[in-house]
Amino acid sequence: MKLHRFIADFEVSGSEILIKDRDIVKQIRNVLKLEIDEEVLLSDGKGDETHAKIKAIFSDKVICEILETKNIKQSGREVNLYLAILKKDNFELAVQKATECGVSNIIPVITERTIKTGLNTERLEKIVKEASEQSGRSIVPKILETMELKEALQHGTKNEEKVIFHLVKENYEPKKNVTTVSIFIGPEGGFTEKEINLAKESGYEVASLGDLTLRGETAAIVATYRATQGI
């Protein structure tokens, strides 16, 4: 049986855990209509997870009995998505789906062809949290501060595998036996040749996601999934 997962800062008192987050209380009471003695998973978003049973539901809080507490370690490849800021809701969609695909960190990037530069970080963090809950993640990805491309390329060099995606003949083949990955996705219109050359000089592999031309948000989703799964 799949248990509903909620991520927040919860209060622990003895063998009980108290839920005061209004959105979560509303979701338990009015949306999911959970009942007394139903079990849930409560996470702090950093790996600590509590398996709990609902004991009381009020209008402003929910009280649960702690059944088990454990720490979930991040497994698999740590993928850092350096994503050029996209127009409209496309960036938010890419962030949501990359979270569901297992991304570890998301870094907004400003490139030569970036059109939109402003982001609602609070909204993005909410999207990431909800996507983590939906996909069963105990560790919530971080959204780092926006960087210019040159700074982002330098920031990403610390990882073992470093790839910038562009329309080239060489298809992306994830490296085996690496644990940290940097992937770069460009904006509408892609990266300029000057930017691609800068990436090459910084030690990045230039690769393609196939013969088709993908939208920025689609490329971010596909690249993140392949990088996290190593396929």
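Note: the structure precedes this text.
Described below are features of the structure shown in this document.

Rules of the game
- Residues numbered from 1 in each chain as written.
- Predicted model: local features only at pLDDT ≥ 70, side-chain atom pairs only at ≥ 80, totals over all residues.
- Heavy atoms only, no water.
- Patch = residues over 30% accessible without salt bridge, like charges linked within 9 Å, V, L, I, M, F, W, Y side chains within 5 Å.
- Areas by Shrake-Rupley, 256 points an atom, 1.4 Å probe, with all protein chains shown as cover.
- Salt bridge = Lys/Arg side-chain N within 4 Å of Asp/Glu carboxyl O.
- Helix = DSSP H or I, 4+ residues; strand = E, 2+ residues; numbered from the N terminus.
- Buried < 20%, exposed > 50% of the residue type's maximum accessible area, 1.4 Å probe, protein only.
- Arc of directions from axis to C-beta.
- Axes fitted to C-alpha atoms, helices over the stretch in contact; angles between N-to-C directions.
- Parallel < 35°, antiparallel > 145°, perpendicular 65-115°, else oblique.
- Left-handed = near helix turned anticlockwise from the far one by under 90°.
- Contact = heavy atoms within 4.5 Å.
- Nonpolar A, V, L, I, M, F, W, Y, C, P; charged D, E, K, R; others polar.
- 1 Å grid on protein atoms, 1.4 Å probe; cavity = no way out; pocket = protein on both sides within 12 Å on 5 of 7 lines; lining within 4 Å.
- Points joined across faces, edges and corners; volume = space filled by probe spheres on them.

Notes on a nonpolar patch on the surface
No. 1: On the surface, a nonpolar cluster with roughly 250 Å² of combined accessible area is contributed by L212, L214 and V222.
No. 2: Structurally, V222 is set in helix 6 (residues 216-229).
No. 3: On the basis of relative accessible area, V222 is assigned to the partly exposed category, the value being 30%.

Examining helix 5 (residues 193-201)
No. 1: Listed as buried for helix 5 are E195, I196 and A199. Down the axis of helix 5, the smallest arc covering the buried residues is 100 degrees, so these residues share one side. Across helix 5 from its buried face, at more than 90 degrees, point the exposed residues E193, K194 and E201.
No. 2: G203 sits one or two positions beyond helix 5 and adopts a positive phi of about 95 degrees.

Here we look at the packing of helix 2 (residues 90-101) against helix 6
Think of two packed helices as two axes; the pair is described by the angle between the axes and how far apart they sit.
No. 1: Where helix 2 meets helix 6, the axes come as close as 9 Å, and the angle between the chain directions of the two elements is 15 degrees. Comparing the axis directions of helix 2 and helix 6 gives the class roughly parallel. As for the relative orientation of helix 2 and helix 6, their crossing is right-handed in sense. Between helix 2 and helix 6, the residues in contact are N90, L93, A94, K97, A98 and C101 and E217, A220, I221, T224, Y225, T228 and Q229, respectively.
No. 2: Broken down by class, the residue content of the contact of helix 2 with helix 6 amounts to 7 nonpolar, 4 polar and 2 charged.

Considerations on the layout of surface pockets
No. 1: Here the largest pocket defines a volume of roughly 730 Å³.
No. 2: What lines the largest pocket is a set of 27 residues, and nearest its centre among them are I7, E125, V128, K129 and V140.
No. 3: Secondary structure elements with two or more residues in the lining of the largest pocket: helix 1 (22-31), helix 3 (121-135) and strand 9 (142-143).
No. 4: Tallying contributions element by element places helix 3 first for the lining of the largest pocket, with 7 residues.
No. 5: Classifying every residue of the lining of the largest pocket by side-chain character gives 9 nonpolar, 5 polar and 13 charged.
No. 6: Looking at the second largest pocket, its volume works out to about 420 Å³.

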